[in-house]
Amino acid sequence: MAKNKKLKLTVDNLVTKDSSGSHPKPNGKVDENSHIVVLKEGGSMTAEIVGIIPLVQDKEPQKTEYEWLCNMVQTINFKASDAIGWTGPKRRFLFPKVIEGGGMVWVEAFEKGTEPTNSLKNGYLIAAKGKPAILSAIWREYSPNNDGKDITKSARKFGDTVQLHIYTQALYGQDVEITLMDHDLLDADDNLAPIPRTDGKPEYEKDKKTPKITLKKFTREVKIYTMLEDERSRPSSIQISDFIQQDKPGSAPGASTGAVRINKTQKVVLDVFIDDLWAATAGDSLEIYPVVKIISQANAKDTPLTKDYITVKGNINKETALSKVGNKPVIVGDIPTNPKRFNPCKYAMIKVKDKEGEWPVFDENVLEYTDSNNLVFEVIAGEDNAKQTITLTLIDFVSNNDECTGNPKHKGHSIIYYSLISDGYKDEDEKNKRPEDKDSALKVKGTNPITVLGVTAKRKTDHSKSYTKIIKHSDTELVFDAMYKYSMLKADGTVDWERIWGYFWLPSVKTDKYPIITQSCRWKHNLDFIIYPDIKWSLIFGFNVNKEKLETLFPGWCAEKKVKRYEKIGKKITRKIDAQLDRVLPDAISAKERKAINNDVKGAFTDAYGTPVAAKKKTSTTQEKGKLSTLVDILKEVEISLKTEFNAGQNQGDITQKFVKSVYDKMGGMFDLVTKAVEIIEGKHDPSPNAAGGNESINEFISKDGLQSRYKHLVESLKRPPQEVEILYPKIEFSASWQYESIDGEHYPKLKSRKGLSVDVKLKAEPLIGVEIRWHILDLLARRHPIAYAVLAAVKTLLAALGDNPDGIKVDFWVKGTIGAEVDFQHNLLAGPKEFTAKGSTALQAGVELDITIKGSIVQGSYEAVAKLGFGAAAQVGMGIEVTLGVDFDGFFTEASLKFEGLKLTFKATAEASLNKLSRSKKGDKLEREQLMSSGGSIEGEITLGEHTFKTDKIYFKKFENEDD
């Protein structure tokens, strides 16, 4: 094109109509700097050669003949033979609707007899977004030419190969995800995952009989295909078609005989092998329909095409097109969909490296059509030694100053980091000019514990490695240290209560932010580095639970500190043993023997105390059952622990039991009121009723025979009520921890390198509530008949006389019922639920116990002869129901189990005799027994009949596929 000429492009307005008339609105804007045009949707425009007014006018302007390119783009490398036949200096044309979404058209006019320049200075690159949508689907018989017969809603067989044509709008060149589902009436629909094969054989999971499934969806690119005969009558609501210019191939390679107009349809063609392995999970009778998702759309929803299905039953028993290779999950497309990719001044990728690895935050090779200019990279860090070194790299950066349209040119200005400079960072070349930080000059190291009302905090200071805030940078790289500032004050010196509250309630935490700009003619991105605090919290609550058991509820970061402390003290023990051996046996022991002694001593220490360094503690006990009043006392002994750490564990905090006790002291009056209320409920403040029935004869018997002072245990036994009701005290364990963490990239590939607030909660109550009722059969009968009571009283008196054991004959019937609960909730506020289960259980048990024990002793002088005979038998039966509601990576589910404990029979028999020598202790206040001889023993046995558990499989209310599978 002549130097005094240029190409100008004008986009026509879109015109919409309603009852009030026509309403024109802009369809796009022409960027005269980059010569890239992005339309809202396909429409008309005008391209025209216009003159540039020269300094010196030609006396006789020459008339020039032009040829035109208006061609679909794969690469911009056209020749004069690709011209489409237009002539003249001005052309009006339409952008085809069928290539909306990602298709691009190159428009350039060049003088006849020359070659096109293929330069953005002389042409325009045009694209149109359109309104992306999934319209419909047709199942077809398999054909290499993609023109098979329509078989929608017909029956096929396992082993057959078919094609699925999915019709789209404004998605040309874009990838879509396709999930094949089997429709079920009673259960959630089953996912039919693609299973690749090699020579007809699938790859199996290691040590399993199930095929290996890497992805649960198909990924395919939307293309345009020549319209089929049966597609011509389909309306535009379910199919987008349009004419496009397409080269007509000539006889010679690379030659062209001009362009022709061909009617094209926008769709996805998916080859599907109806895999017989699907029958194992979905059954041998299928109704297959597709669910389609637009990958490039943020928060895109699945589009189920339930009316477009085929049914499957039986086997074809012959080889078909895909029998050997099976189903391929992903076939990568090659259609360029972003016009910016044709700018010569560019970078192809942005990578960021932190301590966890290197992450691509932008890659033009996997870019969706409408890429986002705003990127985020998140870092979890602390101060001082808890900082993270961050490296940002521009891959394949090219700055062509001749083609660069930047002002200033992008060479030397590709990475802009003003936010770091404003926060006190300095370039590396200014390192020696930077004045020394007064705080860092102190070079202080130490740990300062502070305890107030049981709240203990440890702040470790270490300025020996001062933080310098030095930046290393070039056109392709930026290196800096990211830190989170645990500040307490605002810039004006006042306390920043909002920031302090965020340290505990992490959803409200204030993050530190450093915006970085990367730029070239092709790409420009705003990359925000978001710094989250590395603070971690753990809350443990226990009611009527052993302290030792609560220790197991602390998260891993608490356990790691304890292990390191054990290792440190273990080394100290080793040094002490070595020093002792050197003092006692300096020469007489070899290194091997010394090591063996060390291991023996440390091993004995571990056996005795459970850990290499733990001090020996008295094991805490729990209350199993009792009266309501005792439960109030247990409430006073709850266990609470709130721990935190930050700055990579250098700083710690702990709310201890002392704090809980201080709170209880303030609330003691409230517990007294609760205790009084419970006593009123139990009737301890009621006036004494008149004794009646069997109780009257019991009191008369006790007073008449004067047994009150002679046999204390006998009196208690005779006055015991025939029925006892006891509460089975709840045992509750609760733990919660919250912290920012890296997202699991395996389950959420699109969230790789992202950070989210993780909350883990566990609750276990065994039981949550329970009650046990016990009937003493003999005592119950005695209260109904005076003669029976007289016999029972005589027997108890005899047993008490023999061995002060009035309950030597016992027949009890008992019933026990419990309700339990267990909740496990693991959630990341960014990625979603990791795992959630809620279990509810009920159990009912009943049993009969018979126990006869007779014990007697005779004392002669300083010798005592003791004999004991006993027999016991019991039978119990129980049943329990457990129901679980939960969420896993497959969806929402429920499962139930019915447990029959069976009939449990137990028995025991005892026959023992011993001879003891009696003597007084040295102080004379105790009677001591020295056993001279003994004989006999006891036997026990247990038989369980009919024990069995019936458990259902997981029943899914709704199955869902991970968006990033």
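Reading guide: rules and limits
- Residues numbered from 1 in each chain as written.
- Predicted model: local features only at pLDDT ≥ 70, side-chain atom pairs only at ≥ 80, totals over all residues.
- Heavy atoms only, no water.
- Pairing = 2+ DSSP bridges.
- Helix = DSSP H or I, 4+ residues; strand = E, 2+ residues; numbered from the N terminus.
- Phe/Tyr/Trp six-rings, centres within 6.5 Å; stacked < 30°, edge-to-face > 60°.
- Buried < 20%, exposed > 50% of the residue type's maximum accessible area, 1.4 Å probe, protein only.
- Lys NZ or Arg CZ within 6 Å of the ring centre and 35° of its normal.
- Arc of directions from axis to C-beta.
- Contact = heavy atoms within 4.5 Å.
- Disulfide = S-S within 2.5 Å.
- Salt bridge = Lys/Arg side-chain N within 4 Å of Asp/Glu carboxyl O.
- Core = buried A, V, L, I, M, F, W, Y, C linked by side-chain atoms within 4.5 Å.
- Domains from an automatic or database assignment.
- pLDDT = per-residue confidence, 0-100.
- Axes fitted to C-alpha atoms, helices over the stretch in contact; angles between N-to-C directions.
- Patch = residues over 30% accessible without salt bridge, like charges linked within 9 Å, V, L, I, M, F, W, Y side chains within 5 Å.
- Areas by Shrake-Rupley, 256 points an atom, 1.4 Å probe, with all protein chains shown as cover.

S.K.: What should I look at first to understand the pairing of strand 35 (residues 512-519) in this one?
M.R.: In summary, the side chains of a regular strand alternate between the two faces of the sheet. As defined by bridge partners, strand 29 (residues 415-416) adjoins strand 35 across 2 bridges and the pair is classed as antiparallel. In the sheet register, Ile-416 faces strand 35, and the bridge partner there is Ile-517. Across 8 bridges, strand 35 lies against strand 36 (residues 524-533) in antiparallel orientation. Among the inter-strand pairings, Ile-516 is bridged to a residue of strand 36, identified as Leu-527. In this antiparallel pair of consecutive strands, strand 35 and strand 36, the connection spans 4 residues.

S.K.: Before we go on, may I ask you to explain the packing of aromatic side chains in this structure?
M.R.: For any pair of aromatic rings, geometry is given as the distance between the ring centres together with the angle between the planes. Summed over the entire model, instances satisfying the criterion amount to 17 aromatic pairs. Aromatic pair Trp-537 and Trp-738: ring centres 6.2 Å apart, planes at 10°, arrangement stacked. Of this pair, Trp-537 sits in strand 37 (residues 536-543) while Trp-738 is found in strand 42 (residues 732-742), placing the two residues 201 residues apart along the sequence. With a relative accessible area of 12%, Trp-537 lands in the buried category. Overall, Trp-738 belongs to the buried group, its relative accessible area being 13%. What links up through ring pairs into an aromatic cluster is the set Phe-377, Tyr-425, Phe-480, Tyr-514 and Phe-529. Lying across the ring of Tyr-167, Arg-234 places its NZ or CZ 4.3 Å from the centre. Here the guanidinium or amino end of Lys-755 rests over the ring plane of Phe-377, the centre of that ring lying 5.7 Å away.

S.K.: I'm lost on unusual backbone geometry in this one. Help?
M.R.: If a residue is not glycine, its phi is most likely negative; likewise, a peptide bond is most likely trans. With omega at 5°, the peptide bond leading from Asn-407 into Pro-408 counts as cis. As for its position among the elements, Pro-408 is in the loop between strand 28 (388-395) and strand 29. For Asp-396, which is not glycine, the phi torsion reads 55° and is therefore positive. Positionally, Asp-396 belongs in the loop between strand 28 and strand 29.

S.K.: In this structure, what is going on with helix 3 (residues 497-504)? I would like to understand it.
M.R.: Working note: α-helix, 3.6 residues per turn, so residues spaced by three or four point in the same direction. Turning to helix 3, its buried residues are Arg-499, Gly-502 and Tyr-503. Taken down its axis, helix 3 places every buried residue within 110° of arc, on the same side. Seen from the buried face of helix 3, the exposed residues on the opposite side, beyond 90 degrees, are Trp-497 and Glu-498. At its buried positions, helix 3 is contacted by strand 35 and strand 37.

S.K.: Even after reading the chapter, I still don't get the state of the cysteines, so can you show me in this structure?
M.R.: Linking two cysteines covalently through their sulfur atoms gives a disulfide. In this structure the tally under the stated criterion is 0 disulfides. Counting only cysteine sulfurs, Cys-521 is the nearest neighbor of Cys-345, a cysteine outside any disulfide, at a range of 3.9 Å.

S.K.: Mind showing me how you'd approach the environment of Ile-858 here?
M.R.: Position of Ile-858 relative to the elements: it lies in strand 45 (residues 832-860). A sequence separation of 57 residues divides Ile-858 from Leu-915, and the C-alpha atoms of the two residues are 9.9 Å apart. Aside from chain neighbours lying at most four places away, what touches Ile-858 is Tyr-863, Glu-864 and Ala-865.

S.K.: Explanation requested: the sheet that holds strand 26 (residues 357-363) in the structure shown.
M.R.: Paired through their backbone hydrogen bonds, the strands of a sheet run either parallel or antiparallel. With respect to topology, 6 strands assemble into an open sheet ordered 26-25-28-34-33-30, the strand pairing being mixed. Two strands bound the open sheet, and with one partner strand each, they are strand 26 and strand 30 (426-427). For strand 25 (residues 349-354) and strand 26, the ladder comprises 6 bridges, and the chain directions are antiparallel. Within strand 26, the residue paired with Ile-350 across the bridge is Phe-362.

S.K.: Hey, could you run me through the pattern of salt bridges in this one?
M.R.: One side chain can pair with another of opposite charge once the charged atoms of both are near each other. A complete count under the given rule lists 24 salt bridges for this structure. Note that Glu-645 and Lys-536 form a salt bridge whose closest N and O atoms lie 3.9 Å from each other. Remark: Lys-536 occurs in strand 37 and Glu-645 occurs in strand 39 (residues 639-646); sequence separation between them is 109 residues. Its salt-bridge partner being Lys-764, residue Glu-766 comes within 3.9 Å of it at the nearest N-O pair. Residue classification places Glu-766 among the partly exposed positions, given a relative accessible area of 47%.

S.K.: Any chance you could explain the pairing of strand 9 (residues 104-111) here in plain terms?
M.R.: Judged by how many residues are buried, strand 9 sits mostly within the fold: 7 of 8 residues are covered. Across 7 bridges, the pairing between strand 7 (residues 66-72) and strand 9 is antiparallel. If you follow Asn-71 over to strand 9, its bridge partner there is Trp-106.

S.K.: Help me understand the nonpolar core, please; the structure alone is not making it clear to me.
M.R.: Generally speaking, soluble globular proteins have nonpolar side chains that are buried together. Ile-350, Leu-392, Leu-420, Leu-478 and Phe-529 are the most contacted members of the largest nonpolar core, which totals 45 residues. Counting the residues that make up this core, at least three belong to each of domain 3 (344-429 + 448-533) and domain 4 (710-959). Look past the residues within four positions of Leu-420 in its chain and what remains in contact with it is Tyr-425, Ile-471, Leu-478, Phe-480, Tyr-514 and Ile-516. Counting 29 residues, the second largest nonpolar core, distinct from the first, contains Ala-137, Ile-195, Trp-278 and Leu-286.

S.K.: I keep staring at the confidence of the model for the protein chain and nothing clicks. Help me out?
M.R.: Low pLDDT means the predicted coordinates in that region are not meant to be read closely. Put simply, the protein chain has an average pLDDT of 76, and 70% of its residues get 70 or more. Every residue in residues 608-618 scores below 50 in pLDDT, and together they form 19 contacts with partners more than four places removed in sequence or on other chains. Contacts of residues 687-694 to residues separated by more than four positions or lying in other chains number 3 contacts, the stretch itself having pLDDT below 50.

S.K.: Before we go on, may I ask you to explain the sheet that holds strand 7 in this structure?
M.R.: Spatial ordering of the open sheet is given by 4-5-10-9-7, a layout of 5 strands whose pairing is mixed. Because the sheet does not close on itself, it has two edges, and the strands there are strand 4 (28-31) and strand 7. Strand after strand, the sheet turns through a mean of 15° between neighbouring axes, direction not considered. Where strand 5 (residues 36-39) lies against strand 10 (residues 123-128), 4 bridges are found, and the strand directions are parallel. The residue bridging Leu-39 from the neighbouring strand is Ala-128, located in strand 10.

S.K.: Could you clarify how one ought to interpret a nonpolar patch on the surface in this entry?
M.R.: Where nonpolar side chains cluster on the molecular surface, the patch consists of Leu-850, Ile-852, Phe-871, Phe-907 and Ile-939 and spans about 420 Å² of accessible area. When you line up the elements, Ile-939 lands in strand 48 (residues 927-945).

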